[in-house]
Structures are given as C-alpha cells and as structure tokens.
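Listed below are the residues making up each chain.
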Amino acid sequence: MENTITDSIKITPITTSKLDKVDFDNLSFGKTFTDHMFECDFKDGVWQTPQIKPYGPLTIDPSARVFHYGQAVFEGMKAFKDDKGDVFLFRPKDNFNRINISANRLAIPSFPEQYFMEGLKQLLKIDEKWIKSGAGNSLYIRPFVIATQACVSAAEANEYKFMIICSPAQAYYVGDVSVLIAEKYSRSANGGVGYAKAAGNYAAQFYPTNLAKKEGYQQVIWTDADTHEYMEEAGTMNIFFRINDTLLTAPISDRILDGITRKSLLEIAEKEGIATEVRPIKVNEIVKAAEDGGLKEMFGAGTAAVISPIKAFGYKGNHYEIKRPEKAFASHLKKALMDIQYNLTEDPYGWRVKL
Ligand SMILES: *Cc1c(COP(=O)(O)O)cnc(C)c1O
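Residues numbered from 1 in each chain as written. Predicted model: local features only at pLDDT ≥ 70, side-chain atom pairs only at ≥ 80, totals over all residues. Heavy atoms only, no water.

**Some remarks on the overall build of the protein**
Alright, step 1. Secondary structure assignment for the protein yields 7 helices and 20 strands.
Alright, step 2. Relative to the 2.2 N^0.38 estimate, which gives 20 Å for 355 residues, the radius of gyration of the protein is 21 Å and therefore close to what a compact globule would have.
Alright, step 3. Overall, the C-alpha framework of the protein stretches about 65 × 55 × 35 Å when taken along its three principal axes.
Alright, step 4. Here the protein, with 355 residues, has 52% of them falling under the buried criterion.
Alright, step 5. In the protein, of all internal contacts separated by at least 6 residues, the share reaching a separation of at least 24 is 71%.
Alright, step 6. For the protein, the exposed surface amounts to about 16400 Å²; the carbon and sulfur share of it is 49%.
Alright, step 7. Charged side chains in the protein number 43 positive and 45 negative. The centres of these two groups are separated by 2 Å. (Helix = DSSP H or I, 4+ residues; strand = E, 2+ residues; numbered from the N terminus. Rg over C-alpha atoms; globule rule 2.2 N^0.38 Å. Buried < 20%, exposed > 50% of the residue type's maximum accessible area, 1.4 Å probe, protein only. Contact = heavy atoms within 4.5 Å. Areas by Shrake-Rupley, 256 points an atom, 1.4 Å probe, with all protein chains shown as cover. Lys, Arg positive; Asp, Glu negative; His and termini not counted. Charge placed at Lys NZ, Arg CZ, Asp CG, Glu CD.)

**Concerning helix 6 (residues 283–292)**
Alright, step 1. Residues Val283, Ile286, Val287, Ala289 and Ala290 constitute the buried set of helix 6. What you see down the axis of helix 6 is that its buried residues fit within an arc of 165 degrees, all on one side. Among the exposed residues of helix 6, those oriented more than 90 degrees off its buried face are Lys288, Glu291 and Asp292.
Alright, step 2. Count one or two residues on from helix 6 and you reach Gly293, which has phi positive near 90 degrees. (Arc of directions from axis to C-beta.)

**So, the pairing of strand 16 (residues 275–278)**
Alright, step 1. Pairing geometry for strand 15 (residues 246–249) and strand 16, over 4 bridges, is parallel. Within the sheet, the bridge partner assigned to Thr249 lies in strand 16 and is Val278.
Alright, step 2. For the crossover that starts at strand 15, traverses helix 5 (residues 260–271) and ends in the parallel strand 16, the hand is right-handed. (Pairing = 2+ DSSP bridges. Right-handed = clockwise from strand over helix to strand, strands pointing away.)

**A closer look at the nonpolar core**
Alright, step 1. Of all hydrophobic cores here, the largest spans 51 residues; its most connected members are Phe38, Trp47, Phe116, Ile141 and Phe162.
Alright, step 2. If you list the elements that add at least two residues to this core, you get strand 3 (36–43), strand 6 (72–74), strand 7 (77–81), strand 8 (87–90), helix 2 (92–105), helix 3 (113–126), strand 9 (138–147) and strand 10 (160–169).
Alright, step 3. With sequence-adjacent residues up to four places away left out, Phe38 is seen in contact with Ile9, Pro50, Gln51, Ile52, Phe111, Tyr115, Gly119, Leu123, Phe162, Met163 and Ile164. (Core = buried A, V, L, I, M, F, W, Y, C linked by side-chain atoms within 4.5 Å.)

**Observations regarding the pattern of salt bridges**
Alright, step 1. Inspection of the entire model under this criterion finds 18 salt bridges.
Alright, step 2. For Glu39, the salt bridge is made with Lys53, and the minimal N-O distance between the two is 3.0 Å. In this pair, Glu39 sits in strand 3 while Lys53 sits in strand 5 (residues 51–54), placing the two residues 14 residues apart along the sequence.
Alright, step 3. Using a relative accessible area of 8% as the deciding quantity, one classes Glu39 as buried.
Alright, step 4. A salt bridge links Arg279 to Glu277, with the shortest nitrogen-to-oxygen separation between them at 2.7 Å.
Alright, step 5. Under the relative-accessibility criterion, Glu277 is labelled partly exposed at 33%.
Alright, step 6. What you see here is one network of salt bridges that share partners, running through Glu39, Asp41, Lys53 and Lys161. (Salt bridge = Lys/Arg side-chain N within 4 Å of Asp/Glu carboxyl O.)

**Some words on the site of the ligand**
Alright, step 1. Taken together, the neighbourhood of the ligand is formed by 14 residues, with Lys197, Tyr202, Glu233, Thr261 and Thr303 sitting nearest.
Alright, step 2. Tyr202 is positioned with one of its side-chain polar atoms (N or O) 2.6 Å from an oxygen atom of the ligand.
Alright, step 3. Breaking the shell around the ligand down by element, the ones donating at least two residues are strand 14 (237–243) and helix 5.
Alright, step 4. Split by residue class, the shell around the ligand holds 4 nonpolar, 6 polar and 4 charged. (Near = heavy atom within 4 Å. Polar contact = N/O pair within 3.5 Å; in protein donor to acceptor, adjacent residues only side chain to side chain. Nonpolar A, V, L, I, M, F, W, Y, C, P; charged D, E, K, R; others polar.)

**Some remarks on the packing of helix 2 against helix 3**
Alright, step 1. For the pair helix 2 and helix 3, the least separation of the axes is 10 Å and the interaxial angle reads 135 degrees. Taken together, the axis directions place helix 2 and helix 3 in an arrangement best described as oblique. Once helix 2 is placed against helix 3, the crossing between them reads as right-handed. Across from Pro92, Lys93, Asn95, Phe96 and Ile99 in helix 2, the residues of helix 3 making contact are Glu113, Phe116 and Met117.
Alright, step 2. Across the contact of helix 2 with helix 3, the residue classes tally to 5 nonpolar, 1 polar and 2 charged. (Axes fitted to C-alpha atoms, helices over the stretch in contact; angles between N-to-C directions. Parallel < 35°, antiparallel > 145°, perpendicular 65-115°, else oblique. Left-handed = near helix turned anticlockwise from the far one by under 90°.)

This is the structure:
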C-alpha cells in the first residue's frame, strides 16, 4: 500500500510492526530500530522525491564511493515524550545546519531544509509509539549521508543517499570514566575535518582509544595536533572543566566540533550566574589544578549522554583523581538541560520544538 501524505514525501508503511517484540526495559544503545526509515537520493544534480519506508537493508553497489573514499557524514539528535504524550525535538535546526556544514566539507551537496524537517517530523509521527515517556527514555535519531555512486576512481560522487534512522534509547549512563590525555595521536588538525561530523573522524579514534583502554582508561582526551599542549575534546564529546567555581571549555575551531550540548550548557550556566570561560586550556593548567585541589570537575558533553563525568585522568605516566564535589555543576546542568528537553520546565531559550 502506498500513499502520499504531503506533496513531497512518499510513504510506504510497514504491514506488521516490530514494536511488540521490543523489551523497552532492556535496550542496549543503538541496536534496536523503529519500523520506518527516511530515504532520499541525490541524482542528476537534484535531491529526488523523499520516501519513508519500512526499515531494512540497503542494496548498494560494491564500488559505491563511500566504501572507498569515505564520503559519509552524520548527525545525532533525540526526540522526547512528556507525560501528556507530546513529543519534542531539541534544537533540530542546529542539527540540520550542522549536517550541511559537515557535508560541504566533504564535497557532498547540501540537503534541503524542508526535506529534513518534514521528513523528520513525518518519520517521528509514523513511529510515534516507539518514543516512550519517563525519565531518561528517548528516541535517538541518526540522520546520515553517504556517497552511492558506483565508481572507484578517486573523486567526489555525483550520487548520494540521505537517510534518517531512529533507535529507542534509555538513560545512557556508563558511570564516571577515567580518561587518558593524548600525547601522540590526534583526532583532527588545522585545516582538516575535525569540525565536521564525518564518519572517518570516528574510524581514526578507535585505535588510539583501544591503546588507552589497555592502560585502564575508557576514553582519550584529544589535544591539539601541533603541540599536544591544549585540551580539545573528550572522545566524541566536547570537554568541560571546573576550576574552583569557574566552568571552562575550549573554543570551537576547525579542529573542534560545535556541539549543541556544549553551547546549550554554556548558555544555561551563564544564565544561572555560573562564571564561564571559553578559551584555550593548557594541559599543564589542568594538571596543576588537579595537584593543588582547584580542579573540582571534568566532564564530556554530547547528545547521547548529555554529560559524562570524568573521575580521573592519566598524563605522562601519572594518574590524577578528581574528587566529585557535593554540589557538582555536572549534575545540576544535566538536570537543567534535561528538564527543558522533557518539557518539565519553562524553555526561555526557545530550544524545544513540539512535533
Ligand atoms: C557529535 C559530537 C559532539 C557533541 O555534539 P552534540 O551536538 O552535543 O551531540 C562533540 N564532539 C564530537 C567530535 C562529535 O562528533
């Protein structure tokens, strides 16, 4: 059965939902997907009619350029349901803008805003039952673009596939982590693709992260590629420090991703009168603060976990523990942000977008 509910999106609904088979109390992150997916192909210089269809495997030519030259970018965002059953997105326009910033860096054509927003809304509506209300429950949304043109000569593709897939998620809590500050490896360089959510940025992190794991750390804190003297990102999250009562984070650049969680936390902190500093942060400054007790907190910030507290770090063979203060900025800011996301409080910033 096929029908068209808007001018531009062709919808093919599933015949039998998988919903009954899913144990929503035991979800592992990113493994379960909803009934439908959004798909739109770029061909002959234009994005074709978008489609919403049953979630399932793709058939792609083995010579598709994404497999050989890595033209792939993605986004990560969430939908939330409140107790009344209303569904909300958090700053979706920012994710839309960012996927095109990422795409453009990889010579991938921009995706039209109307297709993105309409596609997302239609997809969430058709799979609405997959979004559960209640603390920590959400729907993780993964838009992505890949180069599908069948050709192994080294050049940008002229055919692409834009997709959105959705995965129900529970509170993402892995516990406080220990991290290793990078002294050799880098995730991004000046003039590179660090500011883009490019798939390859992740591929390049796994190996150094595995080395850190062998030393008993869960994540790597990336430092600048030139000198390894400045703090840049925490694994795949932006990084924050609290020295005494000041909240610090590194400025975004072509090496540091412009995280939506990062900028939201900064705004909330400023509004609440927490002193913030956005400036280059030396590793030595953090080591010294850890030694003299000024370093009260360190945490990563990103959509999946919102805030991921760091309890210890390793640097140049030394290990530093951070004792969590009683009134942590991390838990306070995380609650403030999630209260907005779940429609539990006013949203003076205009971040919440009702479906
Ligand atoms: C996605 C991502 C972040 C976090 O961005 P959010 O918009 O807050 O989810 C931070 N750093 C890197 C490298 C990322 O890929």
